[in-house]
Amino acid sequence: MAEVQVSLGERSYTIHIGNEQLANFRTNNANRLNKQLFIITNPTVSQYYLKPLLNVLTDHQVDFFEMRDGEQFKNLDSYAEIMDRLISKGYNRDCGIIALGGGVVGDLAGFVAATFQRGVDFYQIPTTLLSQVDSSVGGKTAVNHPHGKNLIGAFYQPKSVVIDIDCLQTLTERDFRSGLAEIVKYGIIYDTDFFHWLEHHAAELKQQDPDALTYAIKRSCEIKADVVAKDEREKGLRALLNLGHTFGHAIEAATTYGEWTHGEAVSAGIIIASKLSEVTQRLSASDFRRIKELLTAFELPTKAPEMPWESWLEYMQRDKKVKDDQLHFVLPTAIGQADVVKDIEHTTVAAVITECC
């Protein structure tokens, strides 16, 4: 088992990574688990992992809620259903919320934990590669609004994150590839050596080689933990984690959170951001080519869907990275480095998007 520490003072916690971690959930949270526990999951995940989790929680009062599966259900309606269940079942402020699922489940469960009784304990058991390397770490919780993704939410850290690599065996190839997009992102913005390692181990990762997978997850979590420890509430450095997301979120919103997975949209968004950086002479042509070739090696999209510039602009202006009515873009400036850039002419952005569609 590997462990990564997220250092946030009194709110610090451990990320546990390895095989058979679901069976060790109680052990990893010894003397910490609440008597009342409420599991939020969905039918896709629960058919495999709910019973094994319940089997290790027999000494606790446990109930669960299965939300509908899909990004489009990470909304206020699902949130209200869960709140009704918690209240009707008599849960109090000493309870704990467990997220058993991917990023959609984790984001919604975290927002529930942040707001029920003004905040209760929260535990993450991410079951997708994307959630294991990204959304389960760092304390971002949210629900979507029809006008944009993650517009209603809170920063709220879990008590622990338990990553069971065995859970990846039940993912579809498409969902597995989606997680690889976020892994690539870490190399682009933060770690040249990691990006180089990914270039040379792409085949092993696509085949889900256990050693390669464990290293990629651990290194991704280490990078995110380091960034979050330095900038928990996204005042500066943490914004770099949004590489590709301004464009990616626009793609997801425009396609009603169903046609594109989050990782697919981020991949296309990374290409737009990287091309924009190249066009504005911040990124070399050779580095842009390496980024595109790595995403292609992982069979991730490098073309965005076509839609009018007015639609792109409408969705991007709802993005949380808009400040003082200006669009801010995370752009790679080299492999392993990135910056937040504003003051780019809309005509330039529109031309790059057109080229990348």
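What counts, and at which threshold
Residues numbered from 1 in each chain as written. Predicted model: local features only at pLDDT ≥ 70, side-chain atom pairs only at ≥ 80, totals over all residues. Heavy atoms only, no water. Helix = DSSP H or I, 4+ residues; strand = E, 2+ residues; numbered from the N terminus. Pairing = 2+ DSSP bridges. Axes fitted to C-alpha atoms, helices over the stretch in contact; angles between N-to-C directions. Contact = heavy atoms within 4.5 Å. Phe/Tyr/Trp six-rings, centres within 6.5 Å; stacked < 30°, edge-to-face > 60°. Buried < 20%, exposed > 50% of the residue type's maximum accessible area, 1.4 Å probe, protein only. Polar contact = N/O pair within 3.5 Å; in protein donor to acceptor, adjacent residues only side chain to side chain. Expected span 1.5 Å × (residues − 1). Arc of directions from axis to C-beta. Core = buried A, V, L, I, M, F, W, Y, C linked by side-chain atoms within 4.5 Å.

Take the environment of Phe 155 next. The topology assignment puts Phe 155 in strand β8 (residues 148-155). Residues Phe 155 and Glu 232, spaced 77 residues apart in sequence, show a C-alpha to C-alpha distance of 8.3 Å.

So, about the sheet that holds strand β1 (residues 2-6). Spatial strand order, β1-β2-β9-β6-β5-β3-β4: seven strands in an open sheet with mixed pairing. Two strands in the sheet have a free side with no partner beyond their single neighbour: β1 and β4 (61-66). Averaged over all adjacent pairs, the angle separating strand axes in this sheet is 15°, with direction ignored. Of the strand pairs in this sheet, β1 and strand β2 (residues 13-18) are connected by five bridges, and their pairing is antiparallel. Each bridged residue has a counterpart across the sheet, and for Val 6 the counterpart in β2 is Tyr 13. Set on the sheet, helix α3 (residues 76-88) makes contact with β3 (36-41), β4 and β5 (96-101); between it and β4 the angle comes to about 160°. Sheet strands in contact with helix α4 (residues 103-115) are β3, β5 and β6 (121-126), and its direction is about 170° off that of β5.

Turning our eyes to something else, we now look at the packing of aromatic side chains. Per the stated rule, a full pass over the model turns up eight aromatic pairs. On the basis of an interplanar angle of 80° and a centroid distance of 5.4 Å, the ring pair of Phe 38 and Tyr 91 is categorised as edge-to-face. With Phe 38 in strand β3 and Tyr 91 in the loop between α3 and β5, the pair connects residues that are 53 residues apart, well separated along the chain. Residue classification places Tyr 91 among the buried positions, given a relative accessible area of 4%. Geometrically, the ring pair formed by Tyr 79 and Phe 111 is tilted, given 5.0 Å between the ring centres and 35° between the ring planes. Pair noted here: Tyr 79 is in helix α3 and Phe 111 is in helix α4, with a separation of 32 residues, a long-range link.

Among the structural elements, Asp 287 can be located in helix α12 (residues 285-297). Here Ile 335 takes part through its backbone nitrogen, which lies 3.5 Å from a polar atom of the side chain of Asp 287. Once you skip the residues sitting within four places of it in the chain, Asp 287 turns out to touch Ala 334 and Ile 335.

Bringing helix α11 (residues 262-279) into the picture now. Over its 18 residues, α11 runs 25 Å from end to end, which matches the ideal 26 Å to within 8%, given 1.5 Å per residue. The element α11 is largely enclosed, with a buried count of 16 among its 18 residues. Phi for Gln 281, located one or two positions after α11, is positive at around 60°.

Time to look at the pairing of strand β10 (residues 329-334). Here β10 lies mainly inside the structure; five of its six residues are buried. In this structure, β10 lies alongside strand β11 (residues 337-341), joined through five bridges in antiparallel fashion. Bridge pairing in β11 links Phe 329 to Val 341.

For α12, spanning 13 residues, the distance from its first C-alpha to its last is 18 Å, which sits close to the expected 18 Å at 1.5 Å a residue. Buried within α12 are the following residues: Asp 287, Phe 288, Ile 291, Leu 294 and Leu 295. Along α12, the residues classed as buried sweep out an arc of 130° about the axis, all on the same side. Looking at the buried side of α12, the elements it contacts are α6 (173-190), α7 (192-200), α11 and β10. Within two residues after α12, Glu 299 carries a phi angle of roughly 60°, on the positive side.

Membership of the largest hydrophobic core comes to 77 residues, with the highest contact counts inside it found for Leu 129, Ile 217, Phe 247 and Trp 312. Take this core: its biggest share by element is nine residues, from helix α9 (residues 210-230). For Leu 129, the residues in contact, after removing those within four places along its chain, are Leu 168, Leu 171, Phe 176, Gly 179, Leu 180, Ile 183, Leu 213 and Ile 217. Judged by nonpolar contacts, the second largest core, of 23 residues, contains Tyr 79, Ile 82, Met 83 and Ala 113.

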